[in-house]
Amino acid sequence: MKIGQLIFLSVLIISPALAHDPVFGLGPHVLFKGGVEIAPQISTEKEQDERGTELGVELTYGITGDWAAGVELPWVDKNGFNNNSGPGDLSVFSKYRFWRRDSLGVQQSASILGKLKFDTSGGGLPPLGSGSTAGLLGLAYGYESRKWYRWAGVRYRVNGENNRGFRQGNKLLLDLVGGIRLKMTAYDEPDTVWLVELNGEYTDRSVMDGNRLANSGGTEWFVSPGIFWTLRNFAVKAGVQIAVASDLNGDQPETDYRAKLVLEWHL
Amino acid sequence: MNRMIINTMLILLSMSVSMLAWATGTHYEIRVDGLACPYCAYGIEKKLTAIDGVKNLKVDLENGLVSVDVSDGVVLTEADMKQLFEDAGFTYRSMTTSHPDRDQDKTQ
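Procedures and definitions
- Residues numbered from 1 in each chain as written.
- Chains lettered and ligands numbered in written order.
- Predicted model: local features only at pLDDT ≥ 70, side-chain atom pairs only at ≥ 80, totals over all residues.
- Heavy atoms only, no water.
- Buried < 20%, exposed > 50% of the residue type's maximum accessible area, 1.4 Å probe, protein only.
- Helix = DSSP H or I, 4+ residues; strand = E, 2+ residues; numbered from the N terminus.
- Pairing = 2+ DSSP bridges.
- Contact = heavy atoms within 4.5 Å.
- 1 Å grid on protein atoms, 1.4 Å probe; cavity = no way out; pocket = protein on both sides within 12 Å on 5 of 7 lines; lining within 4 Å.
- Points joined across faces, edges and corners; volume = space filled by probe spheres on them.
- Nonpolar A, V, L, I, M, F, W, Y, C, P; charged D, E, K, R; others polar.
- Polar contact = N/O pair within 3.5 Å; in protein donor to acceptor, adjacent residues only side chain to side chain.

A. Representation of the pairing of strand E8 (residues 148–159) of chain A. Residues and elements named next belong to chain A. Burial along E8 is one-sided: the face carrying Tyr149, Trp151, Gly153, Arg155, Arg157 and Asn159 is buried and the face carrying Trp148, Arg150, Ala152, Val154, Tyr156 and Val158 is not. As defined by bridge partners, strand E7 (residues 134–145) adjoins E8 across 11 bridges and the pair is classed as antiparallel. Residue pairing across strands places Glu144 opposite Tyr149, the latter belonging to E8. Connecting E7 to the next strand, E8, in antiparallel fashion are two residues. By the bridge criterion, 10 bridges tie E8 to strand E10 (residues 171–180) in an arrangement that is antiparallel. Across the sheet, the residue bridging to Arg157 is Lys171, located in E10.

B. Inspection of the environment of Pro225 of chain A at higher detail. Looking at where Pro225 of chain A falls in the secondary structure, it is placed in strand E14 (residues 218–231). What Pro225 of chain A contacts, discounting residues up to four positions off in sequence, is Leu195, Val196, Ala238, Gly239, Val240 and Ile242 of chain A.

C. Seen up close, the layout of surface pockets. Residues and elements named next belong to chain A. Its volume calculated, the second largest pocket comes out at about 150 Å³. Every residue lining the second largest pocket is listed: Asp119, Ser121, Gly122, Gly123, Gly124, Pro127, Leu128, Gly129, Gly131, Asn162, Asn163 and Arg164. Considering only residue class, the lining of the second largest pocket consists of two nonpolar, eight polar and two charged.

D. Looking closely at the environment of Trp67 of chain A. Residues and elements named next belong to chain A. Tracing the backbone through its elements, the reader meets Trp67 in strand E3 (residues 67–79). A C-alpha to C-alpha distance of 32 Å links Trp67 and Asp77, two positions 10 residues apart in sequence. Discounting residues that sit within four places of it in the chain, Trp67 has contacts with Val30, Tyr61, Gly62, Ser94, Lys95 and Tyr96. One polar contact links Trp67 to Ser94, side chain to side chain, over a distance of 2.8 Å.

What follows is the structure, given as structure tokens:
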């Protein structure tokens, strides 16, 4: 089995995207107290001859106006040399907005995110999950006005070792995002925000039986155009990550693209 | 006789109009900071319309105004609104009330 098969798809649906958060990056949004967010989503990734698709449902609850928690339930479909599909790794997460500054038509805020991914995926090859637990910590800042949006986020993911002695390299993710609302809309009208994200990923070398693997880890940068369309309590978020720079260690396939579509209801 | 019937009808009509005006209760205009997008403001709609007697919610994003009509006997206090908007993720600033039937304004 190729190491790539273990790593492939591990970055999809890597963090919950609440409300007006970026499509791929991390934003500071939480959910109103007592609110429920239901967000079915589909992500796909292509690396040379391999293509993976992950369907997921994210359920989030607003514990307070500044604190939300939820669960991600993925379903994975992998196609390539071998095909496999089934439940992916379940994750739980919590996000706390520790700072908020409001003025007329403007909200600035900052949040921290904690996420735990468990080894709950189905069997077969290629594997549908990493086979290990993983933890992710994130910090995000956001500025939102009637016209302009900007976000900055950083996440660090620590991966555990699976029962074959393999540990995927830890990952650092950086996001810088800008957005614009070209047409001002009223509360009950459809609303569109256009986004451009710059997503950077630095991955440590993976480890097998204590040995660092030469053909693993490295850096990739993506430019990701996206759209955020909403109508009252319903949102559609979509984006494509296009690799623009890559410095991977050894011999590894570079990511061609990733795409993500999220439907979101606030109830 | 006809004059008496017309007068009675006019009195009844004026009473009906006055009762309709009374039934509109109080109109509240609430100034809120942080209102940048319509989707995020849904929490405000959900929380305000969950209060018995609150209706005709309008959100003016450009001016940071949320307005509602409430039935007679229902009162939205400043303390309640501060908490409600905090729970919705925004900052309450001030509130103006008016009684359409009495044409009387009051700022809290």
